[in-house]
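Structural features, examined
Each chain, written out:
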Amino acid sequence: MGATNEHGQGVGEPVPGWEHRPRPEPVVLQGRYVAVEPLSSARYAELFAATCGDGDADLWTYRPIPRPASLPELWMHLAAHLDDPALVTFALVPLEGEAAGTAAGIASYLRIEPAHGQVEVGGVLFGRALQRTRAATEAIHLMMRHAFDELGYRRFEWKCDSRNEPSRRAARRLGFVEEGRFRNHMVTQGRNRDTDWFSVIDTEWPAVRSAHERWLDPANFDDAGRQRRSLDLVG
């Protein structure tokens, strides 16, 4: 049941003591399996090797541009991220596996609204060496934990092309709740994009965080790094 004001109109519940939240900054988020570090040009060549190989065109299907064919093309794309004041972009550096110590993906905070405590993770790009790894899961977990636990945000969003089924599955697996579809939302690479919206809110976060932490616990993996128990928070 919602609250009612003096005019008999339904209104939202009060948010006691609410204050403007800090804006995310380019900080290092250190995990057990991955380091989420501020993107810099020192990582561009590694990212080109990780995401722009001859067999990597499918990684770019749902991104604003096709696969860059050269390091200068990727350089311009990533430099635009750093120049955009609306984005805080990170390089994802696994600490284990074949790509250990090198940048194998990127992700950004965007749609940052400190007045309302809302932020989105977007522009997520995992190279082959990062896909389906505990480092990839931990990278998103660290960004969520920073937003909720350290910055005090109330809402964390995930959006994707409605036809990007791997991204939709990832959102559900990580505990995001599907909220709906924005039709004819964007034009990407000359094609229509309908966008699906997902979120986790602050009251849901403690349970989501605990599930992430149980899955990421080293005891959940055998000697070959295979999971003993899966993580699938929203079916």
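Quick look at the structure, then.

Calculation notes
Residues numbered from 1 in each chain as written. Predicted model: local features only at pLDDT ≥ 70, side-chain atom pairs only at ≥ 80, totals over all residues. Heavy atoms only, no water. Helix = DSSP H or I, 4+ residues; strand = E, 2+ residues; numbered from the N terminus. Buried < 20%, exposed > 50% of the residue type's maximum accessible area, 1.4 Å probe, protein only. Salt bridge = Lys/Arg side-chain N within 4 Å of Asp/Glu carboxyl O. Pairing = 2+ DSSP bridges. Core = buried A, V, L, I, M, F, W, Y, C linked by side-chain atoms within 4.5 Å. Contact = heavy atoms within 4.5 Å.

1. Observations regarding unusual backbone geometry
The phi torsion at R111 lies on the positive side, around 45°, for a residue other than glycine. Within the fold, R111 resides in strand β6 (residues 105-113). A positive phi is found at R132, a non-glycine position, where the angle reads about 55°. Mapped onto the fold, R132 is located in the loop between β7 (118-126) and α3 (134-150). For R132, a relative accessible area of 86% translates into the label exposed.

2. Focus on the pattern of salt bridges
For the structure on display, the rule yields 18 salt bridges. A salt bridge links E165 to R168; its shortest N-O distance comes to 3.3 Å. Of this pair, E165 and R168 both sit in helix α4 (residues 165-173), separated by 3 residues, roughly a single helical turn. For R168, a relative accessible area of 11% puts it in the buried group.

3. What to know about the pairing of strand β10 (residues 191-201)
Within β10, 8 of the 11 residues are buried, leaving the element largely enclosed by the surrounding structure. Here strand β9 (residues 177-188) runs beside β10; their pairing, made up of 8 bridges, is antiparallel. In the strand pairing of β10, F182 is matched with T195. If you look at the hairpin formed by β9 and β10, you'll find 2 residues sitting between the two strands, and Q189 has a positive phi there, around 50°.

4. Brief notes about the nonpolar core
With 42 residues, the main nonpolar core has V36, Y109, M143, M144, F156, W158 and F176 as its most contacted residues. Sorting the residues of this core by element identifies β4 (34-38), β5 (88-94), β6, β7, α3, β8 (155-161), β10 and α5 (205-216) as the ones contributing at least two each. Take this core: its biggest share by element is 9 residues, from α3. When sequence neighbours within four positions are dropped, the list of residues in contact with V36 reads V27, V28, L29, F90, A91, L92, A139, L142 and M143. Counting residues in hydrophobic clusters, the runner-up holds 14 residues, among them C52, W60, L78 and V93.

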